[in-house]
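# Descriptive structure summary
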Amino acid sequence: MDNGLGTVGGSKVPRAEGFYPGVEGPAEEPLMPFEEPNHDPQEQDPAAQQAALENIKELGQTEVPGPMVSRIHCINIVGQVEGHVLLPPRNKTTKYEHIIPQLVAVEQNPRIQGVLVILNTVGGDIEAGLAIAEMIKGLSKPSVSLVLGGGHSIGAPIAVAARHSFIADSATVTVHPIRLTGLVVGVPQTYEYLDKMQDRVIRFITENSRITPERLRELMFRTGDLMRDIGTVLIGKEAVAAGLIDELGGLHKAVTKLEKLIEEQKSQSNEPLDGPLWQAENAEILPVKDIPLGSPGGVDH
Amino acid sequence: MWTIVPPELVWEGVEREPKKLQQIQWHNAQVLIEPIDFGRGRVVQVLSTEPNDFLRPDLAPGAIINLGS
């Protein structure tokens, strides 16, 4: 049966060697469970494919191009980044519980050599967004992000998490302050908590892009630019000029850059990752009694 | 939430009763589905410790599962 979501059921169609021009074939690689014909998205209905093969044989053609599988894995960040609360069905969402283990599989899969993150998001949950961003940042494989349409709010840290970020000329990034929704306790601690949340995001963005914390704060708290909120809308070039995004470009530039990064990484494959991802020596260890009690944590809305 | 969408739009309809979900075993993976029809369900979440299950297109959230096949 073919429900348009991939074929389920046995198939005897021989698989092609050399999935991608210029990439070693999968011959020496261990067979991953998902590589079973059952789950291969590229394969059509076995009967239909068999019929097609017969047809071609009848016509005298000798070579049949096999299914091509890209060495690039594409991750789409769309709509709202969904957090710990299931959003009402009218929202389009990106689910972190699916993206996070998927990135684990990407890291381990020998056939995937690079990740292209395409963003068209309106923002969403801070913790979920930062989790996805940290996962992308922590990949040993090259990653490139491309902001199309919009990469607003929590989309910005996800965009800068990739090794190189692109923004389309017409795309926008809105940076604005974090707000709390729902029941808010009117105590000074609430404001401190909000400030800490703000700092986490600002730190992540500034560590992974060229923008300075001062400049980012200035853009975030600017008034008169947005109708319903304070903040700034950065359109294409402006996001690059501000240092938030690395380069202006579209799909071709993003894919070319990713291919280049993959080749670079291959040529120096024995070298360690970009830098210490985990700086244990410099970490300041607080004695237990110094950790403020009642530090808020958990759900962010 | 840190989003440019006004909260009243994001949370519209949140009070409505959530859909009943079912946990099923589907081709070697535990999947949480939302039944949509007799013998059909929409994938909500993959409950697996095998990372490669998360690369399977037939288990992507929103994919329709035909339980008969």
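## A word on the interface of chain A and chain B
- Contact residues are listed per partner, giving 38 residues for chain A and 28 residues for chain B.
- For the side of chain A that touches chain B, the element with the most residues is helix H2 (residues 96–108) of chain A, which contributes seven residues.
- For the side of chain A that touches chain B, a count of residues per class yields 17 nonpolar, 16 polar and five charged.
- As judged from the two bridges shared by strand E3 (residues 114–124) of chain A and strand E1 (residues 2–3) of chain B, these two strands associate in the antiparallel manner. Directly across from Gly123(A), in E1(B), lies its bridge partner Thr3(B).

## Considerations on the nonpolar core
- Residues Val117(A), Ile132(A), Ile136(A), Val147(A), Ile158(A), Val173(A) and Leu244(A) are the most contacted members of the largest nonpolar core, which totals 54 residues.
- The leading source of residues in this core is helix H3 (residues 126–137) of chain A, at seven residues.
- Setting aside residues up to four positions removed in sequence, Val173(A) forms contacts with Val147(A), Gly151(A), His152(A), Ala156(A), Ile167(A), Leu234(A), Ala239(A), Leu244(A) and Ile245(A).
- Counting residues in hydrophobic clusters, the runner-up holds nine residues, among them Val44(B), Val46(B), Leu59(B) and Ile65(B).

## Regarding the confidence of the model for chain A
- Taken as a whole, chain A shows an average pLDDT of 79; of its residues, 69% reach a score of 70 or greater.
- Counting contacts from residues 295–301 of chain A, a segment whose pLDDT is below 50, to residues more than four positions away or on other chains yields twelve contacts.

## Regarding the pairing of strand E2 (residues 22–26) of chain B
All names here are of chain B.
- Burial analysis of E2 places just zero of its five residues in the buried class, which makes it a mostly uncovered element.
- Of the pairings in the sheet, the one linking E2 to strand E3 (residues 29–37) comprises five bridges and is antiparallel in character. Directly across from Gln 25, in E3, lies its bridge partner Gln 30.
- What sits between the antiparallel neighbours E2 and E3 is a turn of two residues, in which His 27 has the positive phi angle 45 degrees.

## A short note on the sheet that holds strand E5 (residues 64–66) of chain B
Residue and element names in this part refer to chain B.
- Across the sheet, which stays open at both edges, the four strands sit in the order E2-E3-E4-E5 with antiparallel pairing between neighbours. The strands lining the two open edges of the sheet, one partner per strand, are E2 and E5. Between one strand and the next, the sheet's axes are offset by a mean angle of 50 degrees, whatever the strand orientation.
- In the sheet, strand E4 (residues 40–47) pairs with E5 via three bridges, with the strands oriented antiparallel.

## Some details on the pairing of strand E6 (residues 172–175) of chain A
All names here are of chain A.
- Of the two faces of E6, the one carrying Thr 172 and Thr 174 and the one carrying Val 173 and Val 175 are both buried.
- Direction of pairing for E6 relative to strand E7 (residues 232–235): antiparallel, over a ladder of four bridges. What sits directly across from Val 173, in E7, is Leu 234.

The rules behind each value
Residues numbered from 1 in each chain as written. Chains lettered and ligands numbered in written order. Predicted model: local features only at pLDDT ≥ 70, side-chain atom pairs only at ≥ 80, totals over all residues. Contact = placed C-beta atoms within 7 Å. Helix = DSSP H or I, 4+ residues; strand = E, 2+ residues; numbered from the N terminus. Nonpolar A, V, L, I, M, F, W, Y, C, P; charged D, E, K, R; others polar. Pairing = 2+ DSSP bridges. Core = buried A, V, L, I, M, F, W, Y, C linked by C-beta atoms within 7 Å. Buried ≥ 20, exposed ≤ 12 C-beta atoms within 10 Å, placed from the backbone. pLDDT = per-residue confidence, 0-100. Axes fitted to C-alpha atoms, helices over the stretch in contact; angles between N-to-C directions.

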